[in-house]
Amino acid sequence: MTRRAGCLLALFAALGVVAPGIAAAASAEIRVDEVQMKQLALRLEQAQPTEVGSLRGLQARVMSRAADVWLVSAPAAGVVQGVHVVSGERVDAGQPLLRFASPWLAELQRDTEQANAQLAQAQGQRARDENLFREGIVPQSRIEQSRAAESVARAARDEKVRQAKIAGVSKGGMFAELSAPFAGRVGEVSVSPGQRVEAGATLARVTRDGPLAVEVLVPRASVGSIAPGARLRVGGVDGKVVGVDPQMMEGTQMAMVRGTLAAAPGLLPGQAVEAEIDTTLRGVRLPARALVRSQGRTVCFVATGTPGSFVAQPVQVLSEDAREAVVAGLAADARVVVEGTAALKSMMNAGD
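Summarised in this report is the structure supplied together with it. Computed from a predicted structure; not experimentally measured.

Conventions adopted
For every chain, the first residue of the written sequence is number 1, and numbering continues from 1 along that sequence. Totals for whole chains, interfaces and linings use every residue, but because this is a predicted model, local features are given only for residues with pLDDT of at least 70 and side-chain atom pairs only at 80 or more, for both listing and counting. Working from all heavy atoms in the structure, the side-chain values ignore hydrogens and water. A pair of strands is treated as paired once DSSP finds two or more bridges between them. A helix here means a DSSP run of H or I that spans at least four residues, while a strand means a run of E at least two residues long, and both kinds are numbered starting from the N terminus. Summary of the burial criterion: residues with accessible area below 20% of their type's maximum are buried, those above 50% are exposed, and those between are partly exposed, where the area comes from a 1.4 Å probe applied to protein chains only. Only heavy atoms matter for contacts: two residues are in contact if any of them lie within 4.5 Å across the pair. In protein, a polar contact means a hydrogen-donor-capable atom and an acceptor-capable atom, both N or O and within 3.5 Å, with residues adjacent in sequence counting only if both atoms are side-chain atoms; elsewhere, any N or O pair within 3.5 Å suffices. Take the buried residues of types Ala, Val, Leu, Ile, Met, Phe, Trp, Tyr and Cys, join any two whose side-chain atoms come within 4.5 Å, and each joined set is a nonpolar core.

### Examining the sheet that holds strand 11 (residues 202-208)
Part 1: Spatial ordering of the open sheet is given by 4-11-9-6, a layout of 4 strands whose pairing is antiparallel. Whereas interior strands pair on both sides, the edge strands pair on one side only; in this sheet they are strand 4 (69-73) and strand 6 (90-91).
Part 2: Relative to strand 11, strand 9 (residues 184-189) runs antiparallel, the two being bridged by 5 bridges. If you follow Arg185 over to strand 11, its bridge partner there is Thr207.

Here it is as structure tokens:
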């Protein structure tokens, strides 16, 4: 027990507050008489039923939309020859990002040239067989065979061309220029010149210009009143809710709401912000000083029907500012303690 707690308990004993009346549970009654209420400076107010037009001051984080993020990966095991951009730099579609070298790239270019040669040979054979067929020298089946061989050769050539294009192979054999797939911003460059990497290793990340995603934490009690399409704001930037996850975040009474925002100067992926979501919630309004935080919970001390008797009632905060709060979990006609809550909190904790 701390010295402060000991002093408070001594004060309560001097005032005649009966310790056995303080149960270990937060909802146990705390009893004081009229004289003790004055000495402890307890004052009560009636909670007022109300509706919340929006949830404000919600913790949120701006993110890139998954569909707008492109990972630039190593096409094969090799060496980063050069890096042309830095993190945060804006790039155009097709702009070179990195220069990469690998023996596999030389093999790919050789295979592509070989596939081109095989296709040309198959095309020549098909043309000769068509001429021979028109002269009545070869049967129809011979033309069908040569056309099938040409089709196979073309498919093999096209596959090698696609691989070379994806790998960024340039004329010169074992080198490739890896380029931005679209206009956007370089989010991260994770390699440096001379670094050896394995096939598939992430070299850089590019984020497309456009809308942003946002993840917002909201009180669990508010989830049922938030629907996809609801208006969402971060500062002066408007967006909308696209999904609501009803599962509570581990260790909290909060749920996750996901939305999109229009792109705006000053909003960057990873930025922590405050958000506002339009909704209509039914709750009760009371002075913010009536809220008491204790052991990870938020409670209000509510008067029972017995004079001088109070219980610590857990509540969920729907909105709160410096002056007042709107909460769920209280009766619309509840009378709550707004002055002297520190003394009641100490009595409650002493009984735990």
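### Examining the environment of Asp238
Part 1: Note that Asp238 resides in strand 14 (residues 237-248).
Part 2: When its relative accessible area of 38% is taken as the criterion, Asp238 is described as partly exposed.
Part 3: Remark: the alpha-carbon pair of Asp238 and Thr260, spanning 22 residues in sequence, is separated by 8.7 Å.
Part 4: Aside from chain neighbours lying at most four places away, what touches Asp238 is Arg231, Leu232, Arg233, Leu261 and Ala262.
Part 5: Side chain to side chain, Asp238 and Arg231 meet in a polar contact 3.1 Å long.

### Observations regarding the nonpolar core
Part 1: Within the largest apolar cluster, 27 residues are counted, with the highest numbers of intra-cluster contacts made by Val216, Val218, Leu232, Leu267 and Ile277.
Part 2: Every element with two or more residues in this core is listed here: strand 3 (48-63), strand 12 (212-219), strand 13 (231-234), strand 14, strand 15 (254-261), strand 16 (272-287) and strand 21 (324-328).
Part 3: Here this core takes 5 residues from strand 3, the largest share from any one element.
Part 4: Residue contacts for Leu232: discarding those within four places in its chain leaves Val214, Val216, Val237, Asp238, Gly239, Lys240, Val241, Gly259, Leu261, Glu276 and Ile277.
Part 5: Grouped together as the second largest cluster of nonpolar side chains are 19 residues, Val80, Val91, Val186 and Leu203 included.

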